[in-house]
Amino acid sequence: MKTNIKNKPKSIGKDRTVIIAGFVVSALVLATLVLWVTNMGSINLFESLSILIILFLVISAAWILVDRTRNMRAGLPAKDEMTVKLMHKAGYYAYLASIYIALALMWYSDSLEDSGGAGLDAGQVGGAIILLSAIVLMGSYFYLSHKGAAE
């Protein structure tokens with residue numbers, strides 16, 4: 001049985017725009033990463049970890065976008081109520097983790113300075129907080145969606 005266009009949800013155009021924008025942002029992040037790596041001389045441990053983290057985040061975002069595209073093609077909304085609840089719960093866990101990540105990075109930087117090292121600069125601390133919080137967000141979203149724990 002074919003689905004009549006009039007019976008489709010009105011948010012399909014908005015969902016399609018969001019999905020296309022997500023793919024464009026993912027492609028731009030990958031292009032920026034490629035430019036950064038090609039213009040870099042040597043790669044140290046911190047930079048290689050940053051590259052791996054960014055790749056993980058882009059792949060995770062692409063997986064979510066592909067899942068939403070499949071839902072739209074099946075005639076379902078891109079995000080259902082359970083998906084929204086899972087994202088809110090994962091965001092809550094990422095927020096809590098970001099507080100402790102910031103505290104741990106400040107302690108680590110201070111301990112580096114106390115032991116005679118250079119410590120971490122503001123850019124490294126800020127980038128680490130953002131990237132590690134994003135990893136917690138994506139990890140908890142995948143865990144919760146696999147477990148099915150929306151409540």
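Numbering of residues begins from 1 in every chain and follows the order in which that chain's sequence is written. Under the rules for a predicted model, residues below a pLDDT of 70 receive no local features and side-chain atom pairs below 80 are neither given nor counted, while totals for whole chains, interfaces and linings still include all residues. Here the side-chain values reflect all heavy atoms present in the structure, with hydrogen atoms and water set aside.

Q: Looking at this structure, how should I read the overall build of the protein?
A: Under the DSSP-based scheme used, a helix requires at least four consecutive residues in state H or I and a strand at least two consecutive residues in state E, with every element numbered from the N terminus. In terms of regular secondary structure, the protein is built from four helices and zero strands. Taken from N to C terminus, the helices and strands of the protein fall in the order α-α-α-α. Our radius of gyration is a C-alpha quantity, and the globule rule it is checked against amounts to 2.2 Å times the number of residues to the power 0.38. Computed over the C-alpha atoms, the radius of gyration of the protein is 20 Å, more than 25% above the 15 Å expected from 2.2 N^0.38 for a compact globule of 151 residues. Across its three principal directions, the C-alpha atoms of the protein cover 70 × 40 × 20 Å. Residues are treated as being in contact if the distance between any of their heavy atoms lies within 4.5 Å. For the protein, the proportion of contacts with a sequence separation of at least 24, taken over those separated by at least 6, is 77%. Throughout, the Shrake-Rupley method with a 1.4 Å probe supplies accessible areas, and for residues the shown protein chains are the sole cover considered. In the form shown here, the protein has an accessible surface area of approximately 10,500 Å², with 67% of it arising from carbon and sulfur atoms.

Q: Quick question: what am I supposed to make of the nonpolar core here?
A: A general feature of soluble globular proteins is that nonpolar side chains tend to end up buried together. Ranked by internal contacts, the top residues of the largest apolar core, which has 13 residues, are Ile54, Leu57, Leu131 and Tyr141. Looking at this core, the elements that each hand over two or more residues are α2 (45-73), α3 (81-114) and α4 (122-147). Looking at which element gives the most residues to this core, the answer is α2, with six residues. The residues touching tyrosine 141, leaving out its near neighbours within four places in the chain, are Trp63, Ile64, Thr83, Leu86, Met87 and Ala90. We define the nonpolar core as a collection of buried residues of types Ala, Val, Leu, Ile, Met, Phe, Trp, Tyr and Cys that are connected through side-chain atoms lying within 4.5 Å of one another. Only protein chains enter the calculation, and the probe is 1.4 Å; a residue is then buried if its accessible area is under 20% of its type maximum, exposed if over 50%, and partly exposed in between. Judged by nonpolar contacts, the second largest core, of five residues, contains Ala97, Ile101, Leu105 and Val125.

Q: So what exactly am I meant to see when it comes to a nonpolar patch on the surface here?
A: Where nonpolar side chains cluster on the molecular surface, the patch consists of Tyr92, Tyr93, Tyr95, Leu96, Ile99, Tyr100, Leu103 and Met106 and spans about 840 Å² of accessible area. For leucine 103, the position within the fold is in helix α3. Its relative accessible area of 47% is what places leucine 103 among the partly exposed residues. Patches here: salt-bridge-free residues with over 30% relative accessible area, like charges joined within 9 Å, nonpolar side chains (Val, Leu, Ile, Met, Phe, Trp, Tyr) joined within 5 Å. The working definition used for a salt bridge is a side-chain nitrogen of Lys or Arg within 4 Å of a carboxyl oxygen of Asp or Glu.

Q: In this structure, what is going on with the packing of α3 against α4? I would like to understand it.
A: Packed helix pairs are specified by the crossing angle of their axes together with the interaxial distance, meaning the distance between the axes. Packing of α3 against α4 leaves a shortest axis separation of 8 Å and a crossing angle of 145 degrees. Seen along the crossing, α3 lies across α4 with a hand that is right-handed. Here the residues of the contact of α3 with α4 are counted per class, giving 17 nonpolar, six polar and one charged. Every axis corresponds to a line fitted to the C-alpha atoms, with the helix fit spanning only the stretch in contact, and the corresponding angles, defined between N-to-C directions, vary from 0 to 180 degrees. Crossings are assigned a handedness: left-handed for a near helix turned anticlockwise from the far helix by less than a right angle, right-handed for a clockwise turn. Think of it as three bins: nonpolar holds Ala, Val, Leu, Ile, Met, Phe, Trp, Tyr, Cys and Pro, charged holds Asp, Glu, Lys and Arg, and polar takes everything else, Gly as well.

Q: Looking at this model, I keep getting lost on the confidence of the model for the protein. Mind explaining?
A: The predicted coordinates should not be examined in detail at positions where pLDDT is low. Residues of the protein with pLDDT of at least 70 account for 90%, and the chain-wide mean is 83. Across the protein, the secondary-structure element scoring lowest on mean pLDDT is α2, at 85, and the one scoring highest is α3, at 89. pLDDT gives the predictor's per-residue confidence on a scale running from 0 to 100.

Q: I tried to follow the side chain of serine 60 on my own but got confused; where do I start?
A: One can find serine 60 in helix α2. Taking the relative accessible area as the measure of exposure, serine 60 reaches 4% and is therefore buried. Residues in contact with serine 60, not counting those within four places in the same chain, are Met138 and Phe142.

Q: How do you make sense of the packing of aromatic side chains when you look at a structure like this?
A: Aromatic ring pairs are reported here in terms of the distance separating the ring centres and the angle at which the planes meet. Paired rings are identified among Phe, Tyr and Trp, the last through its six-membered ring, by centres lying within 6.5 Å, and are further divided according to the angle between planes into stacked (under 30 degrees), edge-to-face (over 60) and tilted (the rest). Under the defined criterion, the tally for this structure stands at three aromatic pairs. Residues tyrosine 92 and tyrosine 93 carry aromatic rings whose centres are separated by 5.7 Å and whose planes lie at 50 degrees to one another, so their mutual orientation is tilted. For tyrosine 93, a relative accessible area of 35% gives the class partly exposed. Joined through ring pairs, the aromatic side chains of Trp63, Tyr141 and Phe142 make up one cluster.

Q: In this structure, what is going on with the domain arrangement of the protein? I would like to understand it.
A: Many analyses report the size of an interface as the accessible area lost when the parts associate. Note that the domain bounds reflect an automated or database-derived domain assignment. Each assigned domain of the protein is listed with its residue range as follows: domain 1 (10-79) and domain 2 (80-151). The C-alpha-based centres of domain 1 and domain 2 are spaced at 19 Å. Between domain 1 and domain 2, the residue contacts involve twelve residues of the former and twelve residues of the latter. Between domain 1 and domain 2, roughly 1,100 Å² of surface is buried when both sides are summed, and carbon and sulfur atoms account for 86% of that area. In this assembly, domain 1 and domain 2 are joined by zero salt bridges. Counting of polar contacts relies on pairs of N or O atoms within 3.5 Å, with two restrictions inside protein: one atom must be capable of donating a hydrogen and the other of accepting it, and residues adjacent in sequence are counted only when both atoms are side-chain atoms. The interface formed by domain 1 and domain 2 holds zero residue pairs in polar contact (both at pLDDT 80 or more) in total. Across the side of domain 1 that touches domain 2, the residue classes tally to nine nonpolar, one polar and two charged. Once two parts are put together, the accessible area they lose, assessed with a 1.4 Å probe and summed over both, is termed the buried area.

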